[in-house]
Amino acid sequence: MTRLSSRRRSGLRWRPWSKTALGLVFTAAMLFPAYWMLNVSLTETADLRASPPHWYPKEPTLDGYAAVLGDQLPNLAASLLIGLGCVALTLAVAAPAGYALARLRTPGAGVIGFLLLVAQMIPGVVMAMGLYAAYVRLGWLNTVWGLVVADSTIAVPFGVMLFTAFMSTLPEEVLQAAKVDGAGVGRTFVSIVLPVSRNAVITVSLFAFLWAWSDFIFASTLARNGDLVPITLGIYDYIGNNTTQWNAIMATAVVASVPAGVLLVAAQRYVAGGVTAGAVK
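Just so it is clear, the structure is predicted and the values come from calculations on it, not from any experiment.

Rules behind the numbers
Residues numbered from 1 in each chain as written. Predicted model: local features only at pLDDT ≥ 70, side-chain atom pairs only at ≥ 80, totals over all residues. Heavy atoms only, no water. Patch = residues over 30% accessible without salt bridge, like charges linked within 9 Å, V, L, I, M, F, W, Y side chains within 5 Å. Areas by Shrake-Rupley, 256 points an atom, 1.4 Å probe, with all protein chains shown as cover. Salt bridge = Lys/Arg side-chain N within 4 Å of Asp/Glu carboxyl O. Helix = DSSP H or I, 4+ residues; strand = E, 2+ residues; numbered from the N terminus. UniProt positions renumbered as here; feature names shortened; annotations may be inferred. Axes fitted to C-alpha atoms, helices over the stretch in contact; angles between N-to-C directions. Parallel < 35°, antiparallel > 145°, perpendicular 65-115°, else oblique. Contact = heavy atoms within 4.5 Å. Nonpolar A, V, L, I, M, F, W, Y, C, P; charged D, E, K, R; others polar. Buried < 20%, exposed > 50% of the residue type's maximum accessible area, 1.4 Å probe, protein only. Polar contact = N/O pair within 3.5 Å; in protein donor to acceptor, adjacent residues only side chain to side chain. Expected span 1.5 Å × (residues − 1). Bend = angle between axes of the 7 residues up to and from the residue. Phe/Tyr/Trp six-rings, centres within 6.5 Å; stacked < 30°, edge-to-face > 60°.

Describing a nonpolar patch on the surface
Move 1: A contiguous nonpolar surface patch, about 530 Å² in accessible area, is contributed by V125, M129, F216, I217, Y236 and I239.
Move 2: Relative to the assigned elements, I217 resides in helix 10 (residues 217–222).

Observations regarding the UniProt feature "transmembrane region" (unreviewed entry) in the protein
Move 1: UniProt feature "transmembrane region" (unreviewed entry): in the numbering of this structure it lies at residues 21–38, 76–102, 114–138, 144–167, 188–213 and 246–267.
Move 2: For residues 144–167, the end-to-end C-alpha separation is 32 Å, with 100% helix and 0% strand making up the annotated structure.
Move 3: For residues 188–213, helix accounts for 96% and strand for 0%, while the C-alpha atoms at its two ends are 33 Å apart.

Some points on the packing of helix 9 (residues 198–214) against helix 12 (residues 246–266)
Move 1: Here helix 9 crosses helix 12 at 170 degrees, and the two axes come no closer than 11 Å. One finds that helix 9 runs roughly antiparallel with respect to helix 12. Contact with helix 9, carried on its side by L206, F209, L210 and W213, involves A256, P259, A260, L263 and L264 of helix 12 and no other residues of that element.
Move 2: Here the residues of the contact of helix 9 with helix 12 are counted per class, giving 9 nonpolar, no polar and no charged.

Thoughts on the environment of T143
Move 1: With respect to the secondary-structure elements, T143 resides in the loop between helix 5 (124–138) and helix 6 (144–167).
Move 2: T143 gets classed as partly exposed once you look at its relative accessible area, which sits at 29%.
Move 3: Counting along the chain gives 80 residues from T143 to A223, while the straight-line C-alpha distance between them is 6.3 Å.
Move 4: At a separation of 2.6 Å, a polar atom in the side chain of T143 contacts the main-chain carbonyl oxygen of W140.

Some words on helix 6
Move 1: The terminal C-alpha atoms of helix 6 lie 32 Å apart, and with 24 residues this matches the ideal 34 Å at 1.5 Å per residue to within 8%.
Move 2: Its maximal kink placed at T153, helix 6 deviates by approximately 40 degrees, while the proline P157 follows within four residues.
Move 3: Counting buried residues in helix 6 gives 18 out of 24 residues, a clear majority hidden from the surface.
Move 4: You can read the cap of helix 6 off the contacts: a side-chain oxygen lies 3.1 Å from the backbone nitrogen of G146, and it is on T143.

Some thoughts on the packing of aromatic side chains
For any pair of aromatic rings, geometry is given as the distance between the ring centres together with the angle between the planes.
Move 1: Tallied over the full model, the rule gives 11 aromatic pairs.
Move 2: Between Y99 and F189, the ring centres sit 5.2 Å apart and the planes meet at 35 degrees, which makes this aromatic pair tilted. Of this pair, Y99 sits in helix 3 (residues 73–103) while F189 sits in helix 8 (residues 185–196), placing them 90 residues apart in sequence. Residue Y99 shares its accessibility class with F189, and that shared class is buried.
Move 3: Between F158 and W211, the ring centres sit 5.3 Å apart and the planes meet at 85 degrees, which makes this aromatic pair edge-to-face. One end of the pair, F158, is in helix 6; the other, W211, is in helix 9, with 53 residues separating them in the sequence.
Move 4: By relative accessible area, F158 is classed as buried at 18%.
Move 5: For W211, a relative accessible area of 31% gives the class partly exposed.
Move 6: Among the aromatic side chains, those forming a connected cluster through ring pairs are F32, Y35, W36 and W55.

Dropping the structure here:
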């Protein structure tokens, strides 16, 4: 009996260690592209063609980052402007729409929810082609605000569905109390619903910003020749017919990844609460 118990304890000790080791292997495999991106960004151009390749920069250089700081700051500013504009437009549309679908007994709410789900299944290339035809007539090609609207077409359906799921779980007593106190629909939404929907607001804002920040399809289709282009297009400055500045390309990718990483870490606990909104009533 004692021997059996010791074997069980040994098995229980082994399982956590085996799971930890397996998790470390998978984590290392997923993070390897990020490490290689950093490695190449610090590698001299002459060493990039080494065979076999160097697993670490033997003579680190900051030439790639110097090129980014000298050339890409306007593009980073354009990406930031597009991301913030997409967040503002998405919240302005998605939050009231989600509240209406969740609480105001909107006719056809089920059909609207289904259409929003279908909208997220449309390939980005198809949407970009349709927007291109519309933008030609509207004169919105090669404009920052045209990209803001285009990126919002991806973020708004997701935001509406998430707000609808979250706001449908709000206690009815709180809304009824606001109504008894004389608050109308608009006042209740602004003063009661939005403050308690903080997790959903942060989650929708984060995903909208990241979609706009990392967008390439809309940018390459609708704003390739604009005065301000996002960082996803600015990276092409280092790709030529005869030479390619790989360390500058990877340095640009590293710099562009920093805001996304910081936002994800900072908003992690809010996102965890926002994406599970409405899962359990």
